[in-house]
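Here's the letter readout for the chains.
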Amino acid sequence: MNRRLSMITGALALGLAMGCQQVPAGTPTGFGISVTNQPAAEQAVPASLTGGATVPAGSYRPNELLIQLSDEADRDQVLAGFERTGQLALGSRIVRVKLPQGMGLSGAYETLRVRKGVGTISLNWKHRKSTSYVAPDDVYVDRQWSHRQTEALDLWKSTDPARVVDASKLIVAVLDTGLDVTHPEFAGRVVLPRDFTATPSEEVPYLTGAPDMDGHGTHVAGIIGATGHNDMGVAGVAWDVKLMPLKVLGEEGGTDFDILRAFSYALGLDADDDGQDDDGYRAELPAGQEDLRTRVISMSLGYAYHGRSPLYDHAFTEARKRGVLVVVAAGNEGGEVAAPANSAYCVAVSSTSPYQLGDRIWEWLSGYSNRGDRIDVSAPGGSIMSTFPLDQGGYATMSGTSMACPYVSGLAALVIARNDPTYQRKDAAFYDAVKAHLAATADDLGAPGKDTKYGYGRVNVRKALTTTFPASL
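Quick caveat, the model's predicted, so the values are computed rather than measured.

Overview of the confidence of the model for the chain
Phase 1 of the analysis: Considering every residue of the chain, the mean pLDDT works out to 84; 85% of them sit at 70 or more.
Phase 2 of the analysis: The model gives residues 1-42 a pLDDT under 50, and that stretch makes 128 contacts with residues more than four places away or in other chains.

As for helix 5 (residues 216-225)
Phase 1 of the analysis: Of all 10 residues in helix 5, 10 are buried, a share of seventy percent or more.
Phase 2 of the analysis: Within helix 5 the residues assigned to the buried category are His216, Gly217, Thr218, His219, Val220, Ala221, Gly222, Ile223, Ile224 and Gly225.

Overview of the pattern of salt bridges
Phase 1 of the analysis: Applying the stated criterion to the full structure yields 18 salt bridges.
Phase 2 of the analysis: Note that Glu110 and Arg113 form a salt bridge whose closest N and O atoms lie 2.7 Å from each other. In this pair, Glu110 and Arg113 are both assigned in helix 2 (residues 105-113), three residues apart and thus about one turn of the helix distant.
Phase 3 of the analysis: Of the residues examined, Glu110 reaches a relative accessible area of 41% and is grouped as partly exposed.
Phase 4 of the analysis: Relative accessible area serves as the criterion here: at 45%, Arg113 is assigned to the partly exposed category.
Phase 5 of the analysis: Between Lys321 and Glu318 there is a salt bridge, with its nearest N and O atoms 3.1 Å apart. In this pair, Lys321 and Glu318 both sit in helix 7 (residues 310-321), three residues apart, roughly one turn of the helix.
Phase 6 of the analysis: Judged by its relative accessible area of 6%, Glu318 falls in the buried class.
Phase 7 of the analysis: Members of the salt-bridge network, linked through shared partners, are Asp277, Glu318, Lys321 and Arg322.

Points about a nonpolar patch on the surface
Phase 1 of the analysis: A grouping of Tyr355, Leu357, Trp362 and Trp364 is seen on the molecular surface, where their side chains present a nonpolar patch of about 450 Å² in accessible area.
Phase 2 of the analysis: Taken together, the elements giving at least two residues each to the nonpolar patch come down to strand 15 (347-357) and strand 16 (360-365).
Phase 3 of the analysis: Note on placement: Trp364 falls in strand 16.
Phase 4 of the analysis: Note on Trp364: relative accessible area 47%, which makes it partly exposed.

Concerning the packing of helix 8 (residues 401-419) against helix 9 (residues 428-440)
Phase 1 of the analysis: At a minimum axis distance of 10 Å, the contact between helix 8 and helix 9 shows a crossing angle of 120°. With respect to helix 9, the axis of helix 8 lies oblique. Once helix 8 is placed against helix 9, the crossing between them reads as right-handed. In contact with Val408, Leu411, Ala412, Val415, Ile416 and Asn419 of helix 8, helix 9 contributes Phe430, Val434, His437 and Leu438.

A closer look at the pairing of strand 3 (residues 60-69)
One face of the sheet, then the other: side chains in a regular strand alternate in exactly this way.
Phase 1 of the analysis: With respect to burial, strand 3 is a largely interior element, seven of its 10 residues being buried.
Phase 2 of the analysis: Looking at chain direction, strand 3 and strand 5 (residues 92-98) are connected through six bridges and run antiparallel. Of the residues in strand 5, the one forming a bridge with Glu64 is Lys98.

Description of helix 8
The α-helix winds at 3.6 residues per turn, so residues separated by three or four positions along the chain end up facing the same way.
Phase 1 of the analysis: End to end, helix 8 covers 27 Å across 19 residues, agreeing with the expected 27 Å (1.5 Å per residue, within 8%).
Phase 2 of the analysis: For helix 8, a buried count of 17 out of 19 residues is recorded, marking the element as mostly surrounded by other parts of the structure.

A closer look at the pairing of strand 4 (residues 83-90)
Phase 1 of the analysis: Of the pairings in the sheet, the one linking strand 4 to strand 5 comprises seven bridges and is antiparallel in character. Bridge assignment links Ala89 to a residue of strand 5, and that residue is Arg93.
Phase 2 of the analysis: In this antiparallel pair of consecutive strands, strand 4 and strand 5, the connection spans one residue, and Gly91 shows a positive phi of 80°.

Some thoughts on the nonpolar core
Phase 1 of the analysis: In this structure, Leu65, Leu175, Phe263 and Met299 are the most contacted members of the largest nonpolar core, which totals 127 residues.
Phase 2 of the analysis: With 12 residues, helix 8 is the largest single contributor of residues to this core.
Phase 3 of the analysis: Leaving out residues up to four positions away in the same chain, Met299 has contacts with Leu175, Ile259, Phe263, Tyr312, Phe316, Val326, Val327, Val328, Ala329, Pro340 and Cys405.

So, the packing of aromatic side chains
Phase 1 of the analysis: Counted by the stated rule, this structure contains eight aromatic pairs.
Phase 2 of the analysis: Ring centres of Tyr312 and Phe316 lie 5.8 Å apart, and the angle between their planes is 50°; on these two criteria the pair is classed as tilted. Highlighted residues: Tyr312 and Phe316, both in helix 7, separated by four residues, approximately one helical turn. As far as the burial class goes, Tyr312 and Phe316 line up, both buried.
Phase 3 of the analysis: Seen from their ring centres, Phe430 and Phe469 are 5.9 Å apart, and the 55° between their planes marks the pair as tilted. With Phe430 in helix 9 and Phe469 in the segment after helix 10 (461-466), this residue pair connects regions lying 39 residues apart in the sequence.
Phase 4 of the analysis: Assessed through its relative accessible area of 15%, Phe469 is described here as buried.
Phase 5 of the analysis: In this structure an aromatic cluster arises from ring pairing among Phe196, Tyr206 and Tyr265.
Phase 6 of the analysis: Taking NZ or CZ as reference, Lys426 lies 5.2 Å from the ring centre of Tyr423, over its face.

Thresholds, definitions, all that
- Position numbers for residues start from 1 in each chain and track the written sequence from start to end.
- A pLDDT threshold of at least 70 governs which residues receive local features in this predicted model, and a stricter bar of 80 or more applies before side-chain atom pairs are shown or counted, although totals over entire chains, interfaces and linings include all residues.
- Values reported for side chains reflect all heavy atoms of the structure, with hydrogen atoms and water molecules removed beforehand.
- A score from 0 to 100, pLDDT tells how confident the predictor is in each residue.
- Working rule for contacts: check all heavy atoms of both residues, and any pair within 4.5 Å makes them a contact.
- Working definition: with a 1.4 Å probe on protein chains only, accessible area under 20% of the residue-type maximum means buried, over 50% means exposed, and in between means partly exposed.
- A helix here means a DSSP run of H or I that spans at least four residues, while a strand means a run of E at least two residues long, and both kinds are numbered starting from the N terminus.
- Throughout this description, the term salt bridge denotes a Lys or Arg side-chain nitrogen within 4 Å of a carboxyl oxygen of Asp or Glu.
- Here, patches come from residues exposed beyond 30% relative accessible area and free of salt bridges, joined within 9 Å for like charges and within 5 Å for nonpolar side chains (Val, Leu, Ile, Met, Phe, Trp, Tyr).
- Computed with the Shrake-Rupley method and a 1.4 Å probe, the accessible areas treat only the protein chains shown as cover for residues.
- Only the stretch in contact is used when fitting a helix axis, every axis being a line fitted to C-alpha atoms; angles between N-to-C directions are given from 0 to 180 degrees.
- Oblique is the label for every angle not falling under 35 degrees (roughly parallel), over 145 degrees (roughly antiparallel), or within 65 to 115 degrees (roughly perpendicular).
- For any pair of crossing helices, the crossing counts as left-handed if the nearer helix is rotated counterclockwise from the farther one by less than a right angle, and right-handed if it is rotated clockwise.
- The rule for pairing is simple: two strands pair if DSSP sees at least two bridges between them.
- Expected span of a helix, by definition, is 1.5 Å for each gap between consecutive residues, and there is one gap fewer than residues.
- Only buried residues count toward a nonpolar core, which is a set of Ala, Val, Leu, Ile, Met, Phe, Trp, Tyr and Cys residues joined through side-chain atoms within 4.5 Å.
- When the centres of two rings from Phe, Tyr and Trp lie within 6.5 Å, Trp using its six-membered ring, the rings pair. Their planes under 30 degrees apart give stacked, over 60 give edge-to-face, and anything left gives tilted.
- Lysine and arginine charges are scored as sitting over a ring when NZ or CZ, respectively, is within 6 Å of the ring centre and within 35 degrees of the ring normal.

Written out as structure tokens, the structure reads:
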């Protein structure tokens, strides 16, 4: 469990809350919550499924595999003897199977790998939130430091035309623990909340609604898009963006399959082979909102295994083809970037934290933040004040790469809305241009150029919105 400071709603300029109440602290883990351990007698995992690395206990489903099938594969024939418990269309077919009684992972892998049409075979990994802990209670700093450091406050207070961006036709899909849709900070801007954790059925792939009993998803969503300048609470980065909460993390985290199903839904991929990307959310948009499009997918999650997953490489490649930016938290173990942030074609985000000396704020890499060559940019992640479920105080301060990731997601939404407001540039070139623009307009906090702590630097809202697009590194 995480330590939280539940904040009491109040009115302050630019949506900064007043007052706080501390709740009992828990013991943080690398990704924010504990995962139930596997039975002690569980079989060893074959090196072919882990790259030979040791995997933490309880980090995968011991009786399931995910199978990627080629287009020409006969599903019934290829998977004969295995119980299919779900399938998704993510550019190619990915099927979740349950192992037959008495068959171990090694036997299942050896049986499947020689069958024609079988591509990637993967464990069904469990994911956890990328939150570390709740920072000490310093009301003023906790509520303002991130927007001050990224010069967002300077831009909002200025008369520069760049401060006004219409992102109301743009959806940020938030793959997390859900959202308190009754929170006034999101009034009129929540689109198609869905729960991908509640049912394993292939016939019923998700449930309507995404209740957030944890608070993590609501906190993340507020960083992206809590309404600003509305006389209450906090201000997100993108004040008018639409938010699509897709619940993929439950009490014990979530699995690869749940996350990939939600990812496919958020992309609106062609699931019925009619040649049109009009399935998933596209098939369910209400009247009057048919022109809304997912342009950013935010993922403040990961698993402790640091190997790279071909399934996420594949999924993120599909997003890049469509110009949909994927932003992923790097993780909080103080080590190498964790999966899936270490996959290709996503923006991997590390976290910075504030250290105050007098009235001066110094900003360094958060001690918990993962780091490495895979980091693209960093963002404020320590001591971040944001929204929280109303029955838990309405506002809270939390820390982690989970908080840094949505800051980048919100900024990416504004950059995309400013430079492609009608979704004409749905291709890999635009994806690459947005990613490069975020990096080129960042403040270089570490060693000159790209480094293993901050990537190309900590994102700067003012520079990203006032610099001619696309900026080059």
